[in-house]
Amino acid sequence: MTQVHEKLEKVTVLFAGDSGDGIQLTGNQFANNTALYGNDLSTFPDFPAEIRAPLGTIAGVSGFQIHFGSVDVYTPGDRCDVLVAMNAAALIKNLSRLKERGTIVVNTSGFDKRNLRLAGVEAGQNPLDNHSLEGYKVHEFDVTKLTRESLKESPLGTKDRDRCKNMFVLGFVYWMYNRKIDSSLEFLKTKFASKPEILEANTIVLKAGYHFADTCETFSNRFEVKPAKMPSGTYRNVIGNQATALGLIAAAHKSKLDLFYGGYPITPASDILHELAKHKNFGIKTFQAEDEIAGICAAIGASFGGDLAVTASSGPGIALKGEALGLALMLEIPLVIVNVQRGGPSTGLPTKTEQADLLQAVYGRNGEAPIPVIAATSPSDCFTMAYEACRIAIEHMTPVFLLTDGYIANGAEPWRYPKSSDLADIKVTFASERKADDEAYRPYKRNEKLVRSWALPGTKGLEHRVGGLEKDKETGNVSYEPENHEYMVKIRAEKVAKIAEYIPSQELDSGSENSKLLVVGWGSTYGAIKTVVRELAIEGVDIAHTQIKYIQPMPKNLGVILSKFDKILVPEMNNGQLIKLIRDQYLVDAKPLNKIKGVPFEAREIKEGILNMLKQ
Amino acid sequence: MAEAKDIQEEVQKLTAKDFVSDQDIRWCPGCGDYSILKQVQSVMPELGIPREDIVFISGIGCSSRFPYYMNTFGMHSIHGRATAIASGLKAARPDLSVWLITGDGDSLSIGGNHLIHLLRRNFNLNILLFNNQIYGLTKGQYSPTSEVGKKTKSTPMGSIDHPFNPLALCMGAESTFVARALDREPKHLRNILMRAEQHQGTSLIEIYQNCNIFNDGAFGGFTDKQTKKDNSLYLEHGQPLVFGVKEDKGVILDGFEPRIVDLTSGEYAKEDLWIHDEKCRNKANILTRFFDDPSNEGALPRPFGIFYQEDRFRYEEALYEQLDTLKKLEGDPNLDKLLAGSNTWEVE
């Protein structure tokens, strides 16, 4: 039959099914294939907190959303064009996210009586039969049956055969978007190298799904999303947590320091530990500690010994590390703390995203305890900012917070990765050996940046004691002198403030001083804000946008930028935190736009916020 | 070579004085900490380690002021966490001689978790656990080693916390070197310190230390001239368990039960007694259970010395072995290759 090739600019596909259905793997495979094909893309995995949540239920639905296009893509997409639903619960949970007249690909075997009951569908109300899907293009087929059919000859048992069904769907979607399946064939070869029977089964089913789509009479349309016009260069696909780990490794390599990572497993930060543990040939020491406190304390010990030391966690773990953060700050030694934020407070929403730990990072310690705070804006920006965190920590002898969040940590995008020679140098200077008749070593003497020296054990003549008690401004000995304490509190604050001289200036990402309104974002809201501002520009509404990545201290020129605008809107995935800092530091009448639902902003939500503010 | 020789000569010239820092000591007059500090300072020159390679790390509490008084590298950290900090330091710098100073509150209460995990990992470092059975720095609350019924400011009706038996706890945590010493037995303490440094792995020494302000005489039974010989049992590898003023009492192992026997009646000779074997885990476990109140009739004597010593792999060695293995397998690190990953594409 004749097939129409429909050309599209951007498409959003949502794969959804039971958390045991292999949805994340399917999604990641499609994302990698999409990246290799040359589309720009952004992904958003959304999974339940439970490892194997109750099968068939709405709570157990795992999703993977991918937005890809021939034009720049900055978010995983608001609503999707295609919903792949492996069972009734997946359809019911996600139908509202599908665009009008969108496409639904349905596995009918996931709509039997039991699945319908588990999804809470009333008897006789099977959405596949009750005409409720009439506004959509629905493609139904029995994936389980087709998978079993294609594996008639396989020596595998039924359970193992059924586990291949995600490959059927993947093959099917590859065909829909006119793709080659080679990248996934290669992936399977590596993944199942030691299990030839499983490799064969998955390969057969992947091909079966592809051919089924090709020969099945119901499909007359095939879509094509042409490669995006991205800046020239060499690209790869990267996930946020992976990029963070690579940034840390790169910084250690460039600074010629050993990387030490002390941490405790926590969602959604654990993948940083996993990624680092893979690259031990870089001399990376990963230490899975007994708890969060031990994770940071071991890192402090390693830093005292001269390693580039890092710990990572999420909100609850960071709360536990608070006291040790104060110690690192008193010791004035380099330390990088990554907070992959998730929904809080308390255990909160472990697998969902939020930006609600900003004030915790800025203020969450006893005493006057300023620590530099920086934030990444996208999966690949995690690399840049992890590298920056290390640079600031080492060159300014201070703990540094890097904030990312579950959204960008698990999301993926194409990355025009740098060459190692393009990376900024990181200057490390250790205090040098002293002879018996040299002047006594003064551990808290500061240079022009107000930075003290890093004196490693093992260096002759530098024997000295440090600790959490207030120290004398030069000798570092314990001091309870009133004048000295005030001096030390102020000098520690001034040292952090001075970092502003060593970070990039703030720039407008779009718009100009003449724009009607300035949107100020920080961290992972970048993509959604950029998408909106571009859309509005096309519609003739001139909006300025700036994204703050250096939060403590803020860039020196930020105040000047803010002063040019009458209307400032601050969208955040929290109840208003950056806005407090901005109002406090610059006395501007900024307005908040908050979303606290555990999911990222949709572009349309920010658009609505901007348009409402413009009306006022 | 010449350089190594110079270092050796210089180290040989070190005396206890070289390990005294310029800081005034702020412990209460008469505190048991003074004696321990003095023994540590006098042992240091005998270790043959350059001063700059020695690090003292402590938590919080009276004893944790210790690093300030040692002219070595030192860190006075936060409550209970010296154990975790020392672990990280040792992982980063296996070349250093690391000494951890902690107390019963610091390492058995707030830092209990890190202590047990350090012991099982067996980093090669030395822990001096000053046990005075009281919170001194916070002015006299009961500690996790205080006896039941202890009356303090926080327990006016007497403590109802059953105390830890610290050495039994350490045995349970897979410790490879378990010893007990006393602030008032300096020579014995020095020997134990030397043995601790020689042990390759985590050495734990519980040191009974008298707090003369808030818990004076807590260990009187083991230090007073009149009673100490009847209440204390000094362990020596390969030697029978003999104690008493006139060395007139011994311990035999009757099945799993230790029993005190009289060596003067003629029924038992030294040859019949339990012979101490540092390498025997089962016997060490029983020895740590010699934990009776010495004032009780028929109480087993409290052992001092090395209960147990075992050679087991050190965490930091295994860590570096893994790094070396991977380096051999994958070759020198190539950052450009790492950043590129396995799938790339060109955009013109």
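Rules of the game
Residues numbered from 1 in each chain as written. Chains lettered and ligands numbered in written order. Predicted model: local features only at pLDDT ≥ 70, side-chain atom pairs only at ≥ 80, totals over all residues. Helix = DSSP H or I, 4+ residues; strand = E, 2+ residues; numbered from the N terminus. Rg over C-alpha atoms; globule rule 2.2 N^0.38 Å. Buried ≥ 20, exposed ≤ 12 C-beta atoms within 10 Å, placed from the backbone. Contact = placed C-beta atoms within 7 Å. Nonpolar A, V, L, I, M, F, W, Y, C, P; charged D, E, K, R; others polar. Pairing = 2+ DSSP bridges. Axes fitted to C-alpha atoms, helices over the stretch in contact; angles between N-to-C directions. Parallel < 35°, antiparallel > 145°, perpendicular 65-115°, else oblique. Left-handed = near helix turned anticlockwise from the far one by under 90°. Domains from an automatic or database assignment. Core = buried A, V, L, I, M, F, W, Y, C linked by C-beta atoms within 7 Å. Expected span 1.5 Å × (residues − 1).

Enquirer: Looking at this structure, I do not really get the overall build of chain B. What am I missing?
Expert: Assigned secondary structure in chain B consists of twelve helices and twelve strands. For chain B, the spread of C-alpha atoms along the three principal axes comes to 95 × 50 × 45 Å.

Enquirer: Is there a simple way to explain the overall build of chain A in this structure?
Expert: Assigned secondary structure in chain A consists of 21 helices and 22 strands. The C-alpha atoms of chain A give 27 Å as radius of gyration, which agrees with the globular expectation for 616 residues (25 Å, within 12%). Overall size of chain A, expressed as C-alpha extent along the three principal axes, is 90 × 60 × 45 Å. Residue burial in chain A is summarised as follows: out of 616 residues, 53% are buried. When contacts within chain A are restricted to residue pairs at least 6 apart in sequence, those whose partners lie at least 24 apart make up 75%.

Enquirer: Would you mind showing me how to read the interface of chain A and chain B here?
Expert: Size of an interface: often given as the accessible area lost when the parts come together. Each partner contributes to the interface: chain A provides 60 residues, whereas chain B provides 49 residues. When contributions to the side of chain A that touches chain B are tallied by element, the ones reaching two or more residues are α1 (23-37), β9 (233-239), α9 (240-255), β10 (259-263), β11 (285-288), α11 (292-304), α13 (322-331) and β17 (465-467) of chain A. Among the residues forming the side of chain A that touches chain B, the class breakdown is 27 nonpolar, 21 polar and twelve charged. Here β9 of chain A runs beside strand β12 (residues 344-347) of chain B; their pairing, made up of four bridges, is antiparallel. Residue pairing across strands places R236 of chain A opposite T344 of chain B, the latter belonging to β12 of chain B.

Enquirer: I keep staring at the packing of α1 of chain A against helix α6 (residues 165-176) of chain A and nothing clicks. Help me out?
Expert: A pair of packed helices can be characterised by two numbers: the angle between their axes and the separation between those axes. Residue and element names in this part refer to chain A. Close contact between α1 and α6 brings their axes to 10 Å; oriented N to C, the two are set at 30°. When the interaxial angle is binned, α1 and α6 end up roughly parallel. In the crossing of α1 with α6, the sense of the turn from one axis to the other is right-handed. Across the interface between the two elements, L25, T26, Q29, F30 and N33 of α1 pack against N166, V169, L170, V173 and Y174 of α6. Classifying every residue of the contact of α1 with α6 by side-chain character gives six nonpolar, four polar and no charged.

Enquirer: Looking at this structure, how should I read the domain arrangement of chain A?
Expert: Residue and element names in this part refer to chain A. Each assigned domain of chain A is listed here: domain 1 (4-225), domain 2 (236-420), domain 3 (429-503) and domain 4 (517-615). Look at where the C-alpha atoms of domain 2 and domain 4 centre, and you get two points 25 Å apart. The interface of domain 2 with domain 4 comprises 23 residues on the first partner and 21 residues on the second. For the side of domain 2 that touches domain 4, the elements supplying multiple residues, two or more each, are α14 (358-363), β14 (373-375), β15 (399-405) and α16 (406-410). Considering only residue class, the side of domain 2 that touches domain 4 consists of 15 nonpolar, five polar and three charged.

Enquirer: I tried to follow the sheet that holds strand β10 (residues 257-262) of chain B on my own but got confused; where do I start?
Expert: Residues and elements named next belong to chain B. With antiparallel pairing, the three strands of this open sheet are ordered in space as β8-β9-β10. Each edge of the open sheet is held by one strand with a lone partner, namely β8 (242-243) and β10. Note that strand β9 (residues 249-254) and β10 share six bridges and pair antiparallel. Counterpart to L253 in the pairing with β10 is P258.

Enquirer: I tried to follow unusual backbone geometry on my own but got confused; where do I start?
Expert: A negative phi angle is the norm for most residues apart from glycine, just as the trans form is the norm for most peptide bonds. Residues and elements named next belong to chain A. A cis amide bond, omega 0°, links G344 with the succeeding residue P345. As for its placement among the helices and strands, P345 is situated in the loop between β13 (335-341) and α14. Phi is positive for S346, close to 50°, though the residue is something other than glycine. Assignment of secondary structure puts S346 in the loop between β13 and α14.

Enquirer: How should the nonpolar core be read in this particular structure?
Expert: Side chains of nonpolar character tend, in soluble globular proteins, to be buried together. Core analysis: the largest hydrophobic core is formed by 243 residues, its most contacted members being V84, L259, I300, V310, C390 and L402 of chain A. Those residues in contact with L402 of chain A that lie beyond four places of it in its chain are V336, V338, I374, A376, M385, A386 and A389 of chain A. Grouped together as the second largest cluster of nonpolar side chains are six residues, C31, Y135, Y142 and C211 of chain B included.

Enquirer: Sorry if this is basic, but what is going on with the sheet that holds β9 of chain A here?
Expert: Reading across the sheet, the three strands line up as β16(A)-β9(A)-β12(B) and stay open at both edges, with antiparallel pairing between neighbours. Strands with a single pairing partner mark the edges of an open sheet, and in this sheet they are β16 (412-415) of chain A together with β12 of chain B. Across this sheet, the average inter-strand angle for adjacent strands is 30°, counted without regard to direction. Sitting on the sheet, α1 of chain A touches β9 and β16 of chain A together with β12 of chain B, and the angle it makes with β9 of chain A is about 170°. Contacts from α9 of chain A reach β9 and β16 of chain A within the one sheet, and its direction differs from that of β9 of chain A by about 115°.

Enquirer: What is the right way to read helix α15 (residues 381-396) of chain A from this model?
Expert: Residues and elements named next belong to chain A. The terminal C-alpha atoms of α15 lie 22 Å apart, and with 16 residues this matches the ideal 22 Å at 1.5 Å per residue to within 8%. The element α15 is extensively covered by neighbouring structure, given that 14 of its 16 residues are classed as buried. Just downstream of α15 lies M397, where phi reads positive at about 45°.

Enquirer: Whenever I open this one, the packing of α9 of chain A against α15 of chain A confuses me. Can you help?
Expert: All names here are of chain A. The interhelical angle for the contact between α9 and α15, taken along N-to-C directions, is 40°, at an axis separation of 7 Å. Considering their axes alone, α9 and α15 lie oblique with respect to each other. Classified by chirality, the crossing of α15 by α9 is right-handed. Only C382, F383, T384, A386, Y387, C390, R391 and I394 of α15 make contact with α9, whose side of the interface consists of G240, A243, T244, L246, G247, L248, A250, A251 and S255. In terms of residue class, the contact of α9 with α15 is built from eleven nonpolar, five polar and one charged.

Enquirer: It is not clear to me how the pairing of strand β2 (residues 10-18) of chain A should be interpreted in this structure. Could you clarify?
Expert: Regular strands place their side chains on alternate faces of the sheet. Residue and element names in this part refer to chain A. The element β2 is extensively covered by neighbouring structure, given that eight of its nine residues are classed as buried. Where β2 and strand β4 (residues 61-69) come together, nine bridges link them in antiparallel fashion. Counterpart to F15 in the pairing with β4 is F64. As defined by bridge partners, β2 adjoins strand β5 (residues 80-85) across four bridges and the pair is classed as parallel. Counterpart to F15 in the pairing with β5 is V84.

Enquirer: Teacher, can you tell me more about the environment of D40 of chain A here?
Expert: Residues and elements named next belong to chain A. Tracing the backbone shows D40 in strand β3 (residues 40-46). Among the residues examined, D40 registers 24 C-beta atoms within 10 Å and is labelled buried. Sequence spacing of D40 and L456 is 416 residues, and the spatial spacing of their C-alpha atoms is 46 Å. With sequence-adjacent residues up to four places away left out, D40 is seen in contact with F68, G69, D72, V73, A228, M230 and P414.

Enquirer: Can you help me understand helix α8 (residues 196-215) of chain A in this one?
Expert: Side chains that are three or four residues apart share a direction in an α-helix, a result of its 3.6 residues per turn. For α8 of chain A, built from 20 residues, the straight-helix expectation of 28 Å at 1.5 Å per residue is met to within 8% by its first-to-last C-alpha distance of 28 Å. On its buried face, α8 of chain A sits against α4 (143-150), α5 (158-162), α6 and α7 (182-191) of chain A.

Enquirer: How should the environment of V205 of chain A be read in this particular structure?
Expert: Residues and elements named next belong to chain A. For V205, the location among the structural elements is in helix α8. In this structure V205 comes out as buried when scored by C-beta crowding, with 29 C-beta atoms within 10 Å. Each C-alpha atom of the pair V205 and L614 lies 54 Å from the other, and the pair is 409 residues apart in sequence. Ignoring anything within four residues of it in the chain, the contact list for V205 reads T147, S150, L151, C164, M167 and F168.

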